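Architecture and fold: a report
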Amino acid sequence: MSFPLDRLIAALSQTGMTRFFQKLFADYPELLMKDQTVEAVRPDRTFKIAGRWVTNFGSDSFLGLDQDPRVQEAVERGVQDWGTHNGSSRAFSSIRPNVVAEEKIAAWMGTETALIYPSVTLANQGALPGLVTRHDVVVADQFAHNSIDEGMKIAKARGVRTAKFAHNDPADLARVLAELRPYRHALIAVDGVYSMSGQLPPLREFQQIGIETDGILYVDDAHGTGVLGERGRGTVRDALGNYDNTLVVGSLSKAFSCFGGFVAGPAAAREVLKLRSNSLIFGGPVPPPYLEAVCAVVDILDSPEYERIRGRLDANVRHLAAGAGGLGLVVMGGLVPIVSVLVGAEDVTLQAGRVLFEQGYYVQSVVFPAVPHGAGVLRIQVNANHAPAQIDGLLAALAELQRVIPLPGPGAGGVIRFPAAAAGMSAASIPA
Ligand SMILES: Cc1ncc(COP(=O)(O)O)c(C=O)c1O
């Protein structure tokens, strides 16, 4: 007997995206390096995956703090002092480390307050709809992260008008806002840094437009947190010189190597968000061990040691980007510690990832729909605790890859160029 659930799953398996992936899995079982299980991890950025030890160039623990003894000890202290979980929504109670972590984040960011959510995704899905009513509108950059899109859908379902404007285009933002008039307030949502292209939004222009049009800037700086700006505070303060009329979303999962996200801004906004963010009210919080770890990371970011860690990271990124460029490859990004090498067709991109893997290096093969069709890339994530020899090793593996598979070079005819033809390649569609 077939239940409705069986029939539903069968029907969903026929949808375009599911069929695409199922065909890809069926066509390239030996090439596919996705959905793997990591069996073991060592402190030197190697791990065991798909049955072998390789150097991991697929981690967004950019500062290498996942392996820092102070952060690890903080997690242990959190377990000893508070147990594994605080056992209720923050609508009922918060534990002391939650308060301390938020105070520390605010002091480090230079904002009045911060409010921690279990992830950036849940921050965007709770805060964005929570900040507007049907009198307001939400507009977002066309390439803003998927979770901003999801937050907008929730707002829309509650009667809020939403729209997209052309990527990084102040004139189009102004046009879209003018078309949406009349409204009370407009939330203008953008990414703080588009991780794949390395592009930054024109925040000053957006802020000016916001002030002139009853708009508020809402910046998802998940990729900038910890790796851009003074002491890793991200892109916003450095670009604007202040946080006027702006809310900043930061990540506690990527460079922080912990767990969660936060919204930083004025105290009054925090109070409203606490009452109006459903993901915060109806969902569980970041567990105590990770709150202790967040405190330990902020202490590191706020110390002179940060410059040393960041110096190592920047040197590693430069080393890799220059080396890959020197091989004649099309290299993209590099502002954040993500360097992408253009390959092209989906099957070739998967194969390229496999060739590097066979030589002892794990990188992510990113293919359609995360990037435009035929514009697959090898996404290489650089960490501060990669040894220079590991970068040299990866560069040698890339040189060997070029021998096995001819890769597009900057001068190659017919190559899909970035960002023009591959402009769809934004953080919006790249899995975390
Ligand atoms: C801009 C942006 N926002 C949100 C997220 C998702 O963050 P989280 O994993 O904390 O939900 C990411 C992850 O890649 C991101 O790049």
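Residues numbered from 1 in each chain as written. Predicted model: local features only at pLDDT ≥ 70, side-chain atom pairs only at ≥ 80, totals over all residues.

Notes on the site of the ligand
Around the ligand sit 15 residues, and of these Ser119, Val120, Thr121, His145 and Ala222 come closest. Taken together, the residues of the shell around the ligand sort by class into 4 nonpolar, 9 polar and 2 charged. (Near = placed C-beta within 6 Å. Nonpolar A, V, L, I, M, F, W, Y, C, P; charged D, E, K, R; others polar.)

As for the sheet that holds strand 2 (residues 46-49)
Strands sit in the order 1-2-3-13 across an open sheet of 4 strands; the sheet is mixed. The open sheet has two free edges, formed respectively by strand 1 (38-41) and strand 13 (361-362), since each of these has just one partner strand. In this sheet, strand 3 (residues 52-56) lies alongside strand 2 in antiparallel orientation, the contact comprising 4 bridges. Residue pairing across strands places Ile49 opposite Arg52, the latter belonging to strand 3. (Pairing = 2+ DSSP bridges. Helix = DSSP H or I, 4+ residues; strand = E, 2+ residues; numbered from the N terminus.)

As for the sheet that holds strand 11 (residues 331-333)
Working definition: the strands of a sheet are paired by backbone hydrogen bonds and lie parallel or antiparallel to each other. Read from one edge of the open sheet, 4 strands run 11-12-15-14, paired in antiparallel fashion. Only two strands of the sheet have a single partner each, and these edge strands are strand 11 and strand 14 (364-366). Averaged over neighbouring strand pairs, the angle between their axes works out to 35° when direction is ignored. Strand direction decides the pairing type here: strand 12 (residues 338-344) and strand 15 (residues 376-381), joined by 6 bridges, are antiparallel. Each residue of the ladder has a partner; that of Leu342, found in strand 15, is Val377. Relative to strand 12, helix 13 (residues 305-326) is tilted by about 20°, and along the sheet it contacts strand 11, strand 12 and strand 15. (Axes fitted to C-alpha atoms, helices over the stretch in contact; angles between N-to-C directions. Contact = placed C-beta atoms within 7 Å.)

Brief notes about the pairing of strand 5 (residues 137-141)
Extensive coverage of strand 5 is indicated by the burial of 5 of its 5 residues. In this sheet, strand 6 (residues 161-165) lies alongside strand 5 in parallel orientation, the contact comprising 5 bridges. By the bridge assignment for strand 6, Val138 is matched with Thr162. Regarding topology, helix 6 (residues 146-157) serves as the crossover connection from strand 5 to the parallel strand 6, and that connection is right-handed. Of the pairings in the sheet, the one linking strand 5 to strand 7 (residues 186-191) comprises 4 bridges and is parallel in character. Note on strand 7: the bridge partner recorded for Val139 is Ile188. (Buried ≥ 20, exposed ≤ 12 C-beta atoms within 10 Å, placed from the backbone. Right-handed = clockwise from strand over helix to strand, strands pointing away.)

Description of the environment of Asn168
Mapped onto the fold, Asn168 is located in the loop between strand 6 and helix 7 (170-180). Under the C-beta neighbour-count criterion, Asn168 is labelled buried, with 20 such atoms within 10 Å. Once the C-alpha coordinates of Asn168 and His386 are considered, the two residues, 218 residues apart in sequence, prove to be 33 Å apart. The residues touching Asn168, leaving out its near neighbours within four places in the chain, are Asp141, Gln199, Pro201 and Pro202.

The analysis is restricted to geometry; functional conclusions fall outside its scope.
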